[in-house]
Amino acid sequence: MTSPVEAVTECRLVGLDETWTGIDGVAGIIVNVNLAGPEARHCLTLLLRRLNGRRLPCIHLVRNSSASTVREAQALGATACLSALLDPETVVEALFRQISPDATVSELVVQRQIARTGTLINTMFQTAASGQIDLQEVEQGLDPVMNAVKEGGLTGWLEVVRAHDDVTFQHCLLVAGLTAGFARSLGLSSKDSHLMVRAALVHDVGKSRIPPEILNKPGRLDPDEFRVMRTHAPIGHEILLASGNCDPITLAVTRHHHELLDGSGYPDGLSSDAIADPVRLLTICDIYSALIERRPYKEPLPEAEALRILHGMTGKLEDGLVAAFAKSVRTDCRHPIAA
């Protein structure tokens, strides 16, 4: 039962010896015990005393739905009784309908996973300033991104992420979500999808060593500032090399995600077949993300306009991949992305 709850919020499993001393921070409880046992009744009676009249959402899982069983559960604090045979996801959804009636479980999952991945990204950028990152920690951010996009759809992910003010934080999470959705739409294997999301999460790690006055400038960069900004790709590549045990795809994406098929990109001016498919895929997600982001000097573009710009980059981006990306965005979003 803890796994479905953990997707939404922090939780812990307690036994019948629980004393409920930390009850102030508890938002809801799922009770899965035999109420006939004296230990269970003592534990739940102690909970009621600790609550001191406060009503806490409390789902009791019962083995039968007789009136006497329901009355007994209610006397011991139950706000709802459900069959113990129900699947855990249904039970968790019922609990959170009481805790947060205005939010769906999918929305709560997205918020939870974004918070978890955001913490990871902040830590990564802090440690990257010293010259390397812990790639094992990055692994912890892969499933939260993929699960959140799967559960809440791409729209849910984009809407929550775009509410954040930090431009670099917002961009990394947007690209990760777009990449997860695109990989899913393309039918990539779980292994390849994880590789792509890993690359998306770290692709801008080189920005950790860009001067803050340039990185956070509330306006467009001048030519000199832009030259400094362009160094983030090779710097990120160096950080990953120094970190050790980084896969070739993540290394390539981090260094080359600004390369374009006509050779007009940076830092190495690669063109055509010299640009690997994973790089081509993530570059599209990277550009689209920049177009729909809110920046101090620009409003976000709506979905249709951002896709129109991508389609207009013939010769710079792979047309087939752009078409597939557009399809994934339109399919995975429950409604258009509004500016």
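As the structure is a prediction and not an experimental result, all values here were calculated from the model. (Residues numbered from 1 in each chain as written. Predicted model: local features only at pLDDT ≥ 70, side-chain atom pairs only at ≥ 80, totals over all residues. Heavy atoms only, no water.)

Next up on the list: the sheet that holds strand β2 (residues 58-62). One open sheet holds the three strands; their spatial order is β1-β2-β3, and the pairing between them is parallel. Strands with a single pairing partner mark the edges of an open sheet, and in this sheet they are β1 (29-31) and β3 (80-83). Mean inter-strand twist for the sheet, computed between neighbouring axes without regard to direction, equals 25°. As judged from the three bridges shared by β1 and β2, these two strands associate in the parallel manner. By the bridge assignment for β2, Val 31 is matched with His 60. (Pairing = 2+ DSSP bridges. Helix = DSSP H or I, 4+ residues; strand = E, 2+ residues; numbered from the N terminus. Axes fitted to C-alpha atoms, helices over the stretch in contact; angles between N-to-C directions.)

For the coordinates displayed, the defined rule picks out 13 salt bridges. Arg 227 is the salt-bridge partner of Asp 224, the closest N and O atoms lying 2.0 Å from each other. Linking Asp 224 with Arg 227, this pair stays in helix α11 (residues 223-229), spanning three residues, or about one helical turn. Note on Asp 224: relative accessible area 49%, which makes it partly exposed. On the basis of relative accessible area, Arg 227 is assigned to the exposed category, the value being 51%. Connected via shared salt-bridge partners are Glu 139, Arg 198 and Asp 247. (Salt bridge = Lys/Arg side-chain N within 4 Å of Asp/Glu carboxyl O. Buried < 20%, exposed > 50% of the residue type's maximum accessible area, 1.4 Å probe, protein only.)

Where helix α8 (residues 167-186) meets helix α9 (residues 190-202), the axes come as close as 8 Å, and the angle between the chain directions of the two elements is 165°. Classified by the interaxial angle, the pair formed by α8 and α9 is roughly antiparallel. Note that α8 runs across α9; the crossing there is right-handed. Touching Cys 172, Val 175, Ala 176, Thr 179, Ala 180 and Ala 183 of α8 are Ser 193, Met 196, Val 197, Ala 200 and Leu 201, all from α9. Among the residues making up the contact of α8 with α9, the classes are represented as nine nonpolar, two polar and no charged. (Parallel < 35°, antiparallel > 145°, perpendicular 65-115°, else oblique. Left-handed = near helix turned anticlockwise from the far one by under 90°. Contact = heavy atoms within 4.5 Å. Nonpolar A, V, L, I, M, F, W, Y, C, P; charged D, E, K, R; others polar.)

Let's shift gears to the packing of aromatic side chains. Applying the stated criterion across every chain yields a total of three aromatic pairs. Taking the centre distance of 5.0 Å and the plane angle of 70° together, the rings of Tyr 288 and Phe 325 count as edge-to-face. You can see Tyr 288 sitting in helix α14 (residues 277-292) and its partner Phe 325 sitting in helix α16 (residues 319-332), a full 37 residues away along the chain. Per residue, the accessibility class of Tyr 288 equals that of Phe 325, and both read buried. (Phe/Tyr/Trp six-rings, centres within 6.5 Å; stacked < 30°, edge-to-face > 60°.)

This brings us to the pairing of β2. Each regular strand displays side chains that alternate between the two surfaces of the sheet. Most of β2 is tucked away: five of the five residues are buried. Bridging between β2 and β3 involves four bridges; their strand directions are parallel. Bridge pairing in β3 places Ile 59 opposite Ala 80. Traced from β2 through helix α3 (residues 67-75) to β3, the parallel crossover comes out right-handed. (Right-handed = clockwise from strand over helix to strand, strands pointing away.)

Turning to the side chain of Arg 198, a few remarks are in order. Here Arg 198 is to be found in helix α9. Its relative accessible area of 14% is what places Arg 198 among the buried residues. Of note is the side chain of Arg 198, whose polar atom sits 2.5 Å from the side chain of Glu 139. Beyond its immediate stretch of four places on either side in the chain, Arg 198 contacts Val 138, Glu 139, Leu 142, Asp 247 and Thr 250. (Polar contact = N/O pair within 3.5 Å; in protein donor to acceptor, adjacent residues only side chain to side chain.)

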